[in-house]
Amino acid sequence: MGDHHHPKTPVERSPTEAMMAVLRQVVATNGGGLSPNGIPHSILKGLVARHLVQGKAGAPSRVVHTKLGLKLVREEAARTTPANIDSLPETAGGGRA
């Protein structure tokens, strides 16, 4: 992550689905960060350019989300979660159908 720096103004284009998948993984670490190993350079570069991730303070080799990245993931979850999730039928295994 040390070679990635935010541009002065973020890229305005929406992140790709691949970028969103990585961003959801980063947010799921709850601040612990994600190793950039195995993440394509272009995806990291795109997330950094959009100001959605950054290097972790004290551990710049870890990728952590920014406030903007967290907000984007939360907004996506709110849009895609059914409003009636508590009323959905449960399956035999205890999960939702």
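Computed from a predicted model, the values in this text were never measured in an experiment.

Criteria and cut-off values
Residues numbered from 1 in each chain as written. Predicted model: local features only at pLDDT ≥ 70, side-chain atom pairs only at ≥ 80, totals over all residues. Heavy atoms only, no water. Helix = DSSP H or I, 4+ residues; strand = E, 2+ residues; numbered from the N terminus. Expected span 1.5 Å × (residues − 1). Buried < 20%, exposed > 50% of the residue type's maximum accessible area, 1.4 Å probe, protein only. Arc of directions from axis to C-beta. Core = buried A, V, L, I, M, F, W, Y, C linked by side-chain atoms within 4.5 Å. Salt bridge = Lys/Arg side-chain N within 4 Å of Asp/Glu carboxyl O.

K.L.:
I'm lost on helix α3 (residues 67–80) in this one. Help?
P.N.:
Every α-helix winds through 3.6 residues per turn, so residues three or four apart in the chain are directed the same way. Taking 1.5 Å of rise per residue, the 14 residues of α3 would be expected to cover 20 Å, and the 20 Å separating its terminal C-alpha atoms lies within 8% of that figure. When α3 is considered as a whole, its buried residues turn out to be G69, V73 and E76. Down the axis of α3, the sector holding all buried residues measures 60 degrees, keeping them to one side. Within α3, the exposed residues directed more than 90 degrees away from the buried face are K67, R74, A78 and R79.

K.L.:
I would appreciate a short explanation of the nonpolar core in the present structure.
P.N.:
Across soluble globular proteins, nonpolar side chains show a tendency to be buried alongside one another. Judged by nonpolar contacts, the single largest core of 16 residues is most densely connected at V22, L23, V26, I39, I43, L47 and V53. Among the elements that take part in this core, helix α1 (residues 17–28) stands out by supplying six residues, more than any other.

K.L.:
Where do I start with the pattern of salt bridges in this structure?
P.N.:
Two side chains with opposite charge may pair up if their charged atoms get near one another. As enumerated under the stated definition, the model contains three salt bridges in all. In this structure, E17 engages R24 in a salt bridge whose closest nitrogen and oxygen atoms are separated by 2.7 Å. Residue E17 is classed as exposed on the basis of its relative accessible area of 53%. Among the ionic pairs, E75 bridges to K71, the shortest N-O distance being 3.9 Å. Taken as a pair, E75 and K71 lie in helix α3 at a separation of four residues, close to a single helical turn. Exposure remark for K71: the relative accessible area of 47% places this residue in the partly exposed category. In this structure, a network of salt bridges that share partners links the residues E17, R24 and E76.

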